[in-house]
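If you want the building blocks of each chain, they are given just below.
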Amino acid sequence: MRRWLAPAALAVLTAAATALALDTPPTPHQAKAGLAPLKAPLLSLRRVPELLTQTIADQRLAQQLDQVFKDPAAANSCLLVEQTDRRLYTRNPDRPLIPASNLKVLTALAALAKLGPDERFSTAAKAARPIQPDGTLAGPLYLVGGGDPLLETADYAASFKNQPQIHTPFEQLADDLVAKGLKHIAGPGGVQGDESRYDTQRYIPTWKPRYITDAEVGPQSALMVNDGFTQFKPRHTAAAAPAAHAAAVLSDLLKGRGVSIDGPAGQNPAPAGAATISELRSPPLREVVAEMLKESDNTTAELLTKELGRRAGGQGSTTAGLKAVRSLLDAAHLPTAPLQAVDGSGLDRSDRATCGLILAALDTGDAQGPLQSGLPTAAKDGTLAQRFQGHPAAGRLRAKTGSLDGVAGLSGFVDGPGAPLVFSLLVNDLARDAQGRALQESVAAVLARYPDAPAPDSLAP
């Protein structure tokens, strides 16, 4: 049975009917320009059902999201939803809010733009003299950090709940040194760690102390193994000197492979003339960024920020890195005016960003680019592995989560029958964390139902 059309739709149909005269063969000018004739002219009646379906879907989306935001818990929030340059929903898009880990989207974009998705970090073993034919190296052996945030031993990588973990296997460096003939490190120097690529600020002074005691982030260093933790079972213990700790771990790995070492491990910069004996390279940056986004890895975010400072400003510091991030976002013509950041991870409560900025960052490039494809997927992996189970967005939502006390964020994509929806949601001043999760799930459910409208053929005249 044919459905009756709403008065507004009848008006559209009437306007379209007056334009049927435009349904004509291509003009000579069109033919000369090589333009193919439209199968259905722009104002053809055949286009009206599709236009009406889209209008209904957009209206229902707005109505359903308006209903979600009637919740008093969402009083201080922003939400922006777009699809292929069409803005579908707007709520306070320019309001600066605490972004929590949604700030990592900006760090990821800046790192990919400056370094490139194929960039790899290098950790080098260097010495002033070569290995002798009998396998002796006149020490020290210098372990020089290159800022690899995923330098890990197998037991540390296996300790994470989500598996497999992307990492740089530290054991491979010891294996390669032995393969190159190393049998003995002679002299008092032993293995020495060199972290001179970055400064030695381990933590942001304004972070809550419990972020450190709860191992939310490790002590930042250009040379750190296992996120800078000397112990990770049953509790994490941060290294007081991450570079010396890394040197000690390599020393133990070498001893376990039969290498004798005269002196203790320590920390000293490699001399200018030291030659590289072995080099361990990280996974490509696209995988490092994916690990940071999927697992919401704060330490990786902070080291990427320092690396940006090193590459763009010549200083491996957070301050220089944040200047580089803003400069790179400005170069991409993103709306950075309200941005305030004192870190790259979003841990600090003085950080501010807008839904408009985060969505613009997500909307750069292709929806399947290295940043976008690195986001966790609902009910599948990363920080969303255990969330949205049985939810309409399961398997279709790809988004960066964000959570601090009283703060919730969710920004990313919802895949559907048409082009993906891109969105950014930030909520501040929550009384309970459960309120933030409920709002995230409600918004995701509405987006997953889009387009919620009759099929075009049911509206055809």
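Description of the structure in this document.

Here is what the cut-offs are and how they apply
- Residues numbered from 1 in each chain as written.
- Predicted model: local features only at pLDDT ≥ 70, side-chain atom pairs only at ≥ 80, totals over all residues.
- Heavy atoms only, no water.
- Helix = DSSP H or I, 4+ residues; strand = E, 2+ residues; numbered from the N terminus.
- Expected span 1.5 Å × (residues − 1).
- Buried < 20%, exposed > 50% of the residue type's maximum accessible area, 1.4 Å probe, protein only.
- Contact = heavy atoms within 4.5 Å.
- Axes fitted to C-alpha atoms, helices over the stretch in contact; angles between N-to-C directions.
- Parallel < 35°, antiparallel > 145°, perpendicular 65-115°, else oblique.
- Nonpolar A, V, L, I, M, F, W, Y, C, P; charged D, E, K, R; others polar.
- Pairing = 2+ DSSP bridges.
- Salt bridge = Lys/Arg side-chain N within 4 Å of Asp/Glu carboxyl O.
- Left-handed = near helix turned anticlockwise from the far one by under 90°.
- Core = buried A, V, L, I, M, F, W, Y, C linked by side-chain atoms within 4.5 Å.

1. Re helix α11 (residues 318-331)
- The end-to-end C-alpha distance of α11 is 20 Å, a good match for the 20 Å that 14 residues give at a rise of 1.5 Å each.
- Considered for burial, the residues of α11 that qualify are Thr318, Ala320, Gly321, Leu322, Ala324, Val325 and Leu329.
- Turning to α11, the residues buried within the fold contact α4 (104-115) and α10 (298-313).
- The positive-phi residue at the C-terminal boundary of α11 is histidine 333, with phi of around 60 degrees.

2. Describing the packing of α4 against helix α9 (residues 285-295)
- Interhelical geometry of α4 versus α9 gives an angle of 175 degrees and a closest axis separation of 10 Å. By the criterion of interaxial angle, the relationship of α4 to α9 is roughly antiparallel. Listed contacts from α9 to Lys104, Val105, Ala108, Ala111, Leu112 and Leu115 of α4 are Leu285, Arg286, Val289, Met292 and Leu293.
- Looking at the contact of α4 with α9 residue by residue, the classes come out as nine nonpolar, no polar and two charged.

3. A closer look at the sheet that holds strand β5 (residues 141-144)
- In spatial order, the strands read β13-β9-β5-β3-β14; together these five strands make up an open sheet with mixed pairing. Edge positions in the sheet fall to β13 (266-267) and β14 (275-281), since each has one partner strand and no second.
- In this sheet, strand β9 (residues 191-194) lies alongside β5 in parallel orientation, the contact comprising four bridges. Bridging across to β9, tyrosine 142 finds its partner in glutamine 192.
- Strands in contact with helix α6 (residues 171-179) are β3 (122-127), β5 and β14; relative to β14, the strand with the most contacts, it is inclined by about 140 degrees.
- Where helix α8 (residues 242-255) meets the sheet, it contacts β5, β9 and β13, and its direction lies at approximately 145 degrees from that of β9.

4. A closer look at the pattern of salt bridges
- A complete count under the given rule lists 16 salt bridges for this structure.
- Notably, a salt bridge pairs aspartate 175 with arginine 257, separated by 2.5 Å at the nearest N-O pair. Placement of the pair is aspartate 175 in helix α6 and arginine 257 in the loop between α8 and β12 (260-261), with a sequence separation of 82 residues.
- In this structure, the salt-bridge partner of aspartate 405 is lysine 208, at a minimum N-O distance of 3.1 Å. Here aspartate 405 is found in the loop between β15 (397-404) and β16 (407-414), whereas its partner lysine 208 is found in the loop between β9 and α7 (209-213), with 197 residues between them in sequence.

5. Let's talk about the packing of α4 against α10
- The interhelical angle for the contact between α4 and α10, taken along N-to-C directions, is 40 degrees, at an axis separation of 10 Å. The angle between the axes of α4 and α10 places the two elements in the oblique class. Viewed along their axes, α4 and α10 form a crossing whose handedness is left-handed. Across from Lys104, Thr107, Ala110, Ala111, Lys114 and Leu115 in α4, the residues of α10 making contact are Asn298, Ala301, Leu304, Thr305, Glu307, Leu308, Arg311 and Ala312.
- For the contact of α4 with α10, a count of residues per class yields seven nonpolar, three polar and four charged.

6. Let's talk about the nonpolar core
- By size, the foremost hydrophobic cluster in this structure holds 40 residues, and its most contacted members are Leu285 and Leu362.
- Contributions of two or more residues to this core are made by β1 (76-83), α4, α9, α10, α11, α12 (355-362) and β17 (421-428).
- Examining the composition of this core, we find that eight residues originate from one element, α4, more than from any other.
- The contacts of leucine 285, once residues within four sequence positions are left out, are Ala111, Leu112, Leu115, Gly116, Pro117, Asp118, Glu119, Phe121 and Leu304.
- Ranked by size, the runner-up nonpolar core spans 32 residues in total, among them Leu65, Leu79, Leu425 and Leu439.

7. What to know about the pairing of β5
- Side-chain alternation along β5 places Leu141 and Leu143 on one buried face and Tyr142 and Val144 on a second face that is also buried.
- Note: β3 against β5, three bridges, orientation antiparallel. Paired with alanine 125 across the strands is leucine 143, a residue of β5.

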